[in-house]
Amino acid sequence: MSSWPKDVGVLAVEQIFPAQYVDQTQLEEYDGVSGGKYTLGLGQGKMGFCTDREDVQSFCLTVLHNLVKNNNLKYSQIGRLEVGTETIIDKSKSVKTVLMQLFEEEGVTDVEGIDTTNACYGGTAALFNAINWVESSTWDGRYAVVIAADLAVYPAGTARPTGGAGAVGMLIGPNAPLVFDRGIRATYMKHAYDFYKPNLASEYAIVDGKLSIQCYLSALDNCYQLYRKKAQKLDPTNVGIESLDAMIFHSPYCKLVQKSFARLIFNDYKLATDDVRNAKYPGLDKFKDVNLEDTYFDRDVEKAFMTISNDAFEKKTKPSLLLANQIGNMYTSSVHSGLVSLLVSKEPSELVGHRIGLFSYGSGLASSMYSISVTKDLSKLTALMKNLKNVKPLLEKRVKVSPQKFTEIMETREKNYLVAPFEPVSSINELFDGTYYLKHVDKVHRRSYGRYVSENV
Ligand code: ACO
């Protein structure tokens, strides 16, 4: 390539999620917690989950198949495929190599990329790898595809209502309608044991809930301050939350996102000059000298900045929480499903020319803030958004499962985790049309998959 490719970004997006969910109000009752804890306290409406018919590989097969077919692509047009996931079912063989089965139908084998893992951050690392490839000397002119996919499951107890499941596929290349801003990515990485999965015989993480929230908020402060600094260097008029029309966050649960949005305003307040602070934040003078590090669980700060930021939150962030509220945490795909939520909640004319900020957090910890500039070309954006028209109808088509049945399904998953040989018992008729499913695990742990197509199609 003799010239730097222009407007590298997202050309197409695909979202999938399970066809069944448990209602969070019913789960509160079943778990015997006080009414409102999961729905108001955590901000969750429904939680998607999988039976023994789906795993991370079937998720990735489905989302890749849909992305390729819905955009009339050929597998030979894809030169790089990156998978971000923390749902590990094999310590050596990558999910990416499993996906190569789909490329076989066209005899394609020349595809770079492999899996990337660090809690919920793997999808962002995979995305950065894809962007970097397209912008590098090794780019051969083909598309990159990024898949972020996870089944977020917790044992019975306080963390369980913050589960979920989903996958997002993104087609990356030049001349895109959603363009990644250059030179302002901000990253913050550190060693922490807030959430980790040392027990390879279990699907569950070890979680220090309070520490994970503290790590998330401190990563947010650090990424935002660095992003602000870099953005301001490129454009001195580009300062703070006003420079972003939308702000998307990794969403472990929606209430944390609302608190996080307020936290950005708190950062803007702290970084403002006295004149600006007095004019823009009346009555908040008492927080001027507090240290950010002392306020992760400070109720006064939280309440004051959630109140003052509420209107901006409703406008800039709430639309991106649709899927997070209806499905739950999707780990690596959570922040990307925030983008999908924004796209399905708006008309193309409401988004053209906008700038969208994104914050990705993965425990352990790895975090980044970056931004996307939306094209001013309405037809280009409309084409991308048209492909997402099925997301809302499919959310409505899901089947509600009782907490009792949900718990039984989770117990079955626990019992059969990594068992071989294994024949899944759940029906495939409840899957959405076109979903890949686990057929069989043989005695040496080799998994085979089928694709469910109902007779009506
Ligand atoms: N009505 C309204 N709100 C209520 C009610 C009620 N009846 N009961 C409780 N609440 C509120 C609480 O006041 C609390 O609000 P606050 O956060 O503003 O204080 C909220 O509901 C949650 O209640 P807690 O008692 O704090 O919840 P608990 O400690 O049992 O669990 C936690 C919450 C820690 C988030 C747990 O679900 C967890 O460990 N989840 C997994 C870890 C996680 O998601 N971490 C986030 C970043 S890392 C990642 O992405 C995995």
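Look up a bit, the structure's there.
In this text the structure is predicted, and so the values were computed from the model without any measurement. (Residues numbered from 1 in each chain as written. Predicted model: local features only at pLDDT ≥ 70, side-chain atom pairs only at ≥ 80, totals over all residues. Heavy atoms only, no water.)

1. Things to note about the site of the ligand
Then comes step 1: Taken together, 23 residues lie near the ligand, and Gly35, Lys37, Ser212, Lys259 and Arg299 sit nearest.
Then comes step 2: Within the side chain of His250, one N or O atom sits 2.8 Å away from an oxygen atom of the ligand.
Then comes step 3: Lys259 places a side-chain nitrogen or oxygen 2.6 Å from an oxygen atom of the ligand.
Then comes step 4: When the free accessible area of the ligand is taken as 1000 Å², the share hidden by the protein chains comes to 74%.
Then comes step 5: For the shell around the ligand, the secondary structure elements donating two or more residues are helix H2 (37-41) and helix H6 (209-234).
Then comes step 6: For the shell around the ligand, the element with the most residues is H2, which contributes 3 residues.
Then comes step 7: Residue classes in the shell around the ligand are distributed as 9 nonpolar, 11 polar and 3 charged. (Near = heavy atom within 4 Å. Polar contact = N/O pair within 3.5 Å; in protein donor to acceptor, adjacent residues only side chain to side chain. Areas by Shrake-Rupley, 256 points an atom, 1.4 Å probe, with all protein chains shown as cover. Helix = DSSP H or I, 4+ residues; strand = E, 2+ residues; numbered from the N terminus. Nonpolar A, V, L, I, M, F, W, Y, C, P; charged D, E, K, R; others polar.)

2. Some words on the pairing of strand S2 (residues 20-23)
Then comes step 1: Because side chains alternate across S2, one face comprises the buried residues Gln20 and Val22, and the other comprises Tyr21 and Asp23, equally buried.
Then comes step 2: Taken together, the 2 bridges between S2 and strand S15 (residues 399-400) define a ladder with parallel strand orientation. For Gln20, the partnering residue across the bridge sits in S15 and is Val399.
Then comes step 3: Sheet analysis places S2 next to strand S3 (residues 46-48), joined by 3 bridges and oriented antiparallel. Paired with Asp23 across the strands is Lys46, a residue of S3. (Buried < 20%, exposed > 50% of the residue type's maximum accessible area, 1.4 Å probe, protein only. Pairing = 2+ DSSP bridges.)

3. Regarding the packing of aromatic side chains
Then comes step 1: Under the counting rule described, the total for this entry stands at 17 aromatic pairs.
Then comes step 2: Counting every residue linked through ring pairs, the aromatic cluster contains Phe266, Tyr269, Tyr281, Phe287 and Phe305.
Then comes step 3: Here the basic side chain of Arg185 rests over the ring of Phe128, its NZ or CZ set 3.9 Å away from the ring centre.
Then comes step 4: A cation over a ring is seen here: Arg277 above Tyr269, with NZ or CZ 5.4 Å from the ring centre. (Phe/Tyr/Trp six-rings, centres within 6.5 Å; stacked < 30°, edge-to-face > 60°. Lys NZ or Arg CZ within 6 Å of the ring centre and 35° of its normal.)

4. A closer look at the pattern of salt bridges
Then comes step 1: Across all of its chains, the model carries 20 salt bridges by this definition.
Then comes step 2: Among the salt bridges present, the one from Asp140 reaches Arg142, with a minimum N-O distance of 3.0 Å.
Then comes step 3: Residue classification places Asp140 among the partly exposed positions, given a relative accessible area of 39%.
Then comes step 4: Overall, the relative accessible area of 16% leaves Arg142 in the buried class.
Then comes step 5: Measuring nitrogen to oxygen at the nearest pair gives 3.9 Å for the salt bridge that ties Glu414 to Arg160. With Glu414 in helix H16 (residues 403-416) and Arg160 in the loop between strand S6 (143-152) and strand S7 (164-173), the pair connects residues that are 254 residues apart, well separated along the chain.
Then comes step 6: We classify Arg160 as buried; its relative accessible area is 8%.
Then comes step 7: Taken together, the shared-partner salt bridges connect Arg80, Glu82 and Glu112 into one network. (Salt bridge = Lys/Arg side-chain N within 4 Å of Asp/Glu carboxyl O.)

5. Observations concerning the sheet that holds S3
Then comes step 1: If you walk across this open sheet you meet the 3 strands as S3-S2-S15, and the pairing is mixed. Lying at the two open borders of the sheet, with one neighbouring strand each, are S3 and S15.
Then comes step 2: Relative to the sheet, helix H1 (residues 24-31) contacts S2, S3 and S15, its axis offset from that of S2 by approximately 60°. (Contact = heavy atoms within 4.5 Å. Axes fitted to C-alpha atoms, helices over the stretch in contact; angles between N-to-C directions.)

6. Re helix H4 (residues 95-104)
Then comes step 1: Burial runs high along H4: 7 of the 10 residues are buried.
Then comes step 2: For H4, the set of buried residues is Val95, Lys96, Val98, Leu99, Met100, Leu102 and Phe103.

7. Observations concerning the state of the cysteines
Note on terminology: disulfide describes a covalent bond linking the sulfur atoms of two cysteines.
Then comes step 1: Using the criterion set out here, one finds 0 disulfides in the structure.
Then comes step 2: No disulfide involves Cys223; its sulfur sits 13 Å from that of Cys215, the nearest cysteine.
Then comes step 3: Here Cys254 stays free of any disulfide, with the sulfur of Cys120 as its closest cysteine sulfur at 14 Å.
Then comes step 4: Classification of Cys254 as buried rests on a relative accessible area of 7%. (Disulfide = S-S within 2.5 Å.)

8. Details of the nonpolar core
Then comes step 1: Membership of the largest hydrophobic core comes to 55 residues, with the highest contact counts inside it found for Met247, Phe249, Phe305, Phe359 and Met369.
Then comes step 2: Going through the elements one at a time, strand S9 (186-189), H6, strand S12 (246-249), helix H7 (254-271), helix H9 (299-308), strand S13 (355-362) and H16 are the ones with two or more residues in this core.
Then comes step 3: Each residue touching Phe359, except ones within four places of it in the same chain, is listed here: Tyr216, Ala219, Leu220, Cys223, Met247, Ile248, Phe249, His250, Val335, Ser367, Ser368 and Met369. (Core = buried A, V, L, I, M, F, W, Y, C linked by side-chain atoms within 4.5 Å.)

Everything listed is a geometric property; what it means functionally is a separate question.
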